[in-house]
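# Observations on the model geometry
One letter stands for each residue in the lines below.
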Amino acid sequence: MSTVVHLTSVHNRYDTRIFLKMCRSLVTAGYGVVLVVADGRGGEEKEGVRIVDVGKSKGRLDRMLGATRRVLTQALKLDADIYHLHDPELLPAGLALKRRGKRVVFDAHEDLPQQILSKTYLHRATRRILSWSAGAFERFACRRLDGVVAATPTIRDKFKRTGISCIDINNFPMLGELDSNIPWQQKAMEVCYIGSIFASRGIREIVSAMALAKTNVRLVLGGSFSEQHIRAEVEKMPGWEAVDQLGFLSRSQVRDVLQRSIGGLVTLHPTPAYVDALPVKMFEYMSAGLPVIASDFPLWREIIVGSGCGICVDPLDPSAIAVAIDRLVENPDFAREMGANGRRAAHERYNWDIEEKKLLLLYSKLLTGA
């Protein structure tokens, strides 16, 4: 049996992309799978995946240097057939593994240079320097690895333009996981936002929209605030009276929220990191049969309008968001039809079953040298 080790110093051990999708798919396909994490919660065996913990980092610097060293040490001990890196910080570890003759793949969850450009708390000149430097090192490292897995076609094309072997394995939902069994007429008067809560993901505008909505609708927030000053700010806004903030949710809790909601919000700001992204929550809303209210980006409009599964709005305009919410509330037949269209599109095109085949083919080629 071939052994695969997935490595992360940043992500949650039960991360949806890494653990729930990739690791479990590989176990089902007959691989021995180890997941190395750095969260301080200890080792365990879960659903056929052996989880090894190298200890929680003590601050950002330790995460970038100490955790990388600890992850590499553990990776070498495991002596696997394939190593799959999930963080840019681990690229030096990937290069060290390659020097020892190992097969190594880097998983680009995000466009790193564009992500840095979106960090508005950094000075503009600093952002540009860091973005260029990160991109240069990323290209240097990835040319020496056995391949790159990209979370979106846009990221894939970026790597391929520089001559780096890359395939896209999109973070689409697992069929059946979030299916709703609640009749539409029994749904609550709620719309939802699921995911980490940032200013750049539109929380100010969403809360503002709740004060402008004409219908008696509530907003359910499933996720944690990553910026506490933003939380303090929005809690003082008039629209907060119509908000139910649930905090971080388990997958079963996410399913429960989606089942009772009449729409899902993904109104991210038009930053370089988001415009060409494929947010997993958008596709999870579709999979659960919810109409989507999404930012009017060209790529997103192509998906949403093309599938007839939602409404695209200016994410910086709370009144436009409010109008879209009211439209779903006031037109249940329209909302139900869009939800059904989204579920159909997810089952036909946007699902993990399709992406899983790409992952297994990649691993087969790595092992056979094809």
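Refer to the structure above for everything that follows.
Residues numbered from 1 in each chain as written. Predicted model: local features only at pLDDT ≥ 70, side-chain atom pairs only at ≥ 80, totals over all residues. Heavy atoms only, no water.

## Quick word on the overall build of the protein chain
Keep this limit in mind: We count a stretch as a helix when DSSP gives it H or I for four or more residues in a row; a strand needs E for two or more, and each element gets its number in order from the N terminus. When we talk radius of gyration, it's over C-alpha atoms, and the globule rule is simply 2.2 Å times the number of residues to the 0.38. For every residue, the accessible area obtained with a 1.4 Å probe (protein chains only) is divided by the maximum for its type, and the residue is called buried under 20%, exposed over 50%, and partly exposed between those limits. Contacts are assigned to residue pairs that have any heavy atoms within 4.5 Å of one another. Reported accessibility uses the Shrake-Rupley method at a 1.4 Å probe radius. Residues are deemed covered only where the shown protein chains occlude them. Positive charge is attributed to Lys and Arg, negative charge to Asp and Glu, and no charge count is given to His or to the chain ends. All charge positions are set by atom: Lys at NZ, Arg at CZ, Asp at CG, Glu at CD.
Helix and strand counts for the protein chain stand at 15 helices and 14 strands. By the compact-globule yardstick of 21 Å for 370 residues, the protein chain fits well, its C-alpha radius of gyration being 21 Å. Looking at the 370 residues of the protein chain, the share that counts as buried comes to 53%. In the protein chain, the share of contacts with a sequence separation of at least 24, taken over all contacts with a separation of at least 6, comes to 67%. Working note: accessible area of the protein chain is about 16300 Å², and carbon and sulfur atoms make up 51% of it. Side chains of the protein chain give 50 positive and 42 negative charges; the mean places of these two sets differ by 6 Å.

## What to know about the state of the cysteines
Put simply, the test is: The disulfide criterion used throughout: a pair of cysteine sulfur atoms within 2.5 Å.
Under the criterion given, the structure shown has 0 disulfides. With no disulfide of its own, C23 lies 19 Å from the sulfur of C166, the closest cysteine sulfur. Owing to a relative accessible area of 0%, C23 belongs among the buried residues under this scheme. Distance from the sulfur of C309, which forms no disulfide, to the nearest cysteine sulfur (C312) is 8.3 Å.

## Digging into the pairing of strand β4 (residues 49-53)
For clarity, the cut-off: For two strands to be treated as a pair, DSSP must find at least two bridges joining them.
Across the 5 residues that make up β4, a large majority, 4, are buried. By the bridge criterion, 3 bridges tie strand β3 (residues 44-46) to β4 in an arrangement that is antiparallel. The partner of E45 across the bridge, within β4, is R50. The turn linking β3 back onto β4 is made up of 2 residues, and E47 within it adopts a positive phi angle of 50°.

## Brief notes about the pattern of salt bridges
The following threshold applies: When a carboxyl oxygen of Asp or Glu lies within 4 Å of a side-chain nitrogen of Lys or Arg, that pair is called a salt bridge.
A full pass over the atoms with the stated rule returns 23 salt bridges. Among the salt bridges present, the one from E138 reaches K158, with a minimum N-O distance of 3.1 Å. Of the two residues, E138 is situated in helix α6 (residues 124-142) and K158 in helix α7 (residues 153-161); the sequence distance between them amounts to 20 residues. For E138, a relative accessible area of 2% translates into the label buried. R336 is the partner of D333 in a salt bridge, and the nearest nitrogen-oxygen pair spans 2.7 Å. Taken together, the residues span about one helical turn, with D333 and R336 both in helix α14 (residues 332-348) at a distance of 3 residues. Given the relative accessible area of 38%, R336 is considered partly exposed. What emerges from the salt-bridge pattern is a single network uniting R156, D157, D168, E355 and K358.

## Re the side chain of E355
Spelled out, the test is: The definition of a polar contact used here is a pair of N or O atoms within 3.5 Å, where within protein one atom must be able to donate a hydrogen and the other to accept one, and adjacent residues in sequence count solely through side-chain atom pairs.
Relative to the helices and strands, E355 resides in helix α15 (residues 352-368). Judged by relative accessible area, E355 falls into the buried class, the value being 2%. A distance of 2.7 Å separates a polar side-chain atom of E355 from the backbone nitrogen of N170. Not counting residues up to four positions away in its chain, the partners in contact with E355 are D168, I169, N170 and F172.

## With respect to the nonpolar core
Selection rule: What is meant by a nonpolar core is a set of buried Ala, Val, Leu, Ile, Met, Phe, Trp, Tyr and Cys residues, joined one to another through side-chain atoms within 4.5 Å.
Of all hydrophobic cores here, the largest spans 34 residues; its most connected members are I203, L219, L221, V234, L265 and I325. When contributions to this core are tallied by element, the ones reaching two or more residues are β9 (190-194), α8 (203-212), β10 (218-222), α9 (228-234), β14 (310-313), α13 (318-330) and α14. Here L221 is in contact with Y193, I197, I203, W240, V243, D244, Q245, L246 and G247, once residues within four sequence places are set aside.

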